[in-house]
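Listed here are the chains, written in short residue letters.
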Amino acid sequence: NQAKQLFTLLSAHWSDVMDHIHAREIEEGTQATKLTPSAIWKALIENTWVPALLDGKEILAKSCDLFTSTSEVRKIFRNDVQVLNPSIILNIIRTEFLNFLQIKTSVSVEHVLTYLRQCSENPDYKPDLYHMAQVYEFLDRHLDECREVLRSEKLICLPDHSSKEN
């Protein structure tokens, strides 16, 4: 609950906060000011503090590991990726704040290829036919971007035929 409050407060006041999260240093031998990440900047980016969900369970996560919970994310990744906790009201979250935290707001071809690599390397992963169809349909729509990777890597996940969902 405190993490949700902190996230909401930072987002609501991000335009004021962002001016103060860089340390300003004067470069030696010049009058130029150099901006470097402050301890607060590093803590926001590197620490596990953002309220998230993984497989329906509330967790805290690093911001760069998160997606926003969109229909596309749910369709492609189901509950297999960490998403920003949807109980945080997204319409009050500033886009600049999400960008700073490196929270992914859309699905890219690279995200899907990384996901398939993880799935294909996990012998316990048992995808269902409908889900894999969604994943490969996404890649089909972006075939020009991923053709070479699909030719060079084994990224086929076979559905679990023992599942009742098939």
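Here, every reference points to the structure presented above.
The following refers to the structure shown. On a predicted model such as this, the values are computed, not experimentally measured, just so you know.

Definitions and cut-offs
- Residues numbered from 1 in each chain as written.
- Predicted model: local features only at pLDDT ≥ 70, side-chain atom pairs only at ≥ 80, totals over all residues.
- Heavy atoms only, no water.
- Helix = DSSP H or I, 4+ residues; strand = E, 2+ residues; numbered from the N terminus.
- Buried < 20%, exposed > 50% of the residue type's maximum accessible area, 1.4 Å probe, protein only.
- Areas by Shrake-Rupley, 256 points an atom, 1.4 Å probe, with all protein chains shown as cover.
- Core = buried A, V, L, I, M, F, W, Y, C linked by side-chain atoms within 4.5 Å.
- Contact = heavy atoms within 4.5 Å.
- Phe/Tyr/Trp six-rings, centres within 6.5 Å; stacked < 30°, edge-to-face > 60°.
- Pairing = 2+ DSSP bridges.
- Lys, Arg positive; Asp, Glu negative; His and termini not counted.
- Salt bridge = Lys/Arg side-chain N within 4 Å of Asp/Glu carboxyl O.

**Thoughts on the overall build of the protein chain**
In step 1: Within the protein chain, the regular secondary structure consists of 8 helices and 5 strands.
In step 2: Counting all 166 residues of the protein chain, 33% fall into the buried class.
In step 3: For the protein chain, the computed accessible surface area is about 10500 Å², with 51% contributed by carbon and sulfur atoms.

**A short note on the nonpolar core**
In step 1: Ranked by internal contacts, the top residues of the largest apolar core, which has 22 residues, are V73, F77, V112, L116, V135, F138 and L139.
In step 2: Of all the secondary structure elements, the ones that give two or more residues to this core are helix 4 (71–77), helix 6 (109–121) and helix 7 (129–141).
In step 3: With near-sequence residues (within four places) excluded, F138 lies in contact with E72, I76, V107, S108, V109 and V112.
In step 4: Counting 19 residues, the second largest nonpolar core, distinct from the first, contains I21, L44, L84 and I88.

**Remarks on unusual backbone geometry**
In step 1: A positive phi is found at D55, a non-glycine position, where the angle reads about 55 degrees.
In step 2: Residue position: D55 is located in the loop between strand 3 (48–54) and strand 4 (57–62).
In step 3: Its identity is not glycine, yet R78 carries a phi of approximately 50 degrees, on the positive side.
In step 4: In this structure, R78 sits in the loop between helix 4 and strand 5 (83–84).

**Things to note about the side chain of T68**
In step 1: When you line up the elements, T68 lands in the loop between strand 4 and helix 4.
In step 2: Not counting residues within four places of it along the chain, the set of residues in contact with T68 comprises V73, V83, L84, L98, I103, K104 and T105.

**Regarding the packing of aromatic side chains**
In step 1: Summed over the entire model, instances satisfying the criterion amount to 7 aromatic pairs.
In step 2: A ring pair is formed by F7 and W49, whose centres lie 5.9 Å apart and whose planes are at 40 degrees; its orientation type is tilted. A residue pair is termed long-range when its members are at least 10 positions apart, and F7 in helix 1 (residues 2–12) and W49 in strand 3 qualify at 42 residues. The same class applies to F7 as to W49, namely buried.
In step 3: A ring pair is formed by W14 and F97, whose centres lie 4.8 Å apart and whose planes are at 50 degrees; its orientation type is tilted.

**Considering the sheet that holds strand 3**
In step 1: Strands sit in the order 4-3-5 across an open sheet of 3 strands; the sheet is antiparallel. The open sheet has two free edges, formed respectively by strand 4 and strand 5, since each of these has just one partner strand.
In step 2: Sheet topology note: the strand 3/strand 5 ladder contains 2 bridges and is antiparallel. Its bridge partner being in strand 5, L53 is matched across the sheet by V83.

**Things to note about the side chain of K104**
In step 1: Structurally, K104 is set in the loop between helix 5 (95–101) and helix 6.
In step 2: The side chain of K104 is buried and forms no salt bridge, while D65, the nearest opposite charge, is found at 5.7 Å.
In step 3: Setting aside its immediate chain neighbours within four residues, K104 contacts C64, D65, L66, F67, T68 and H111.

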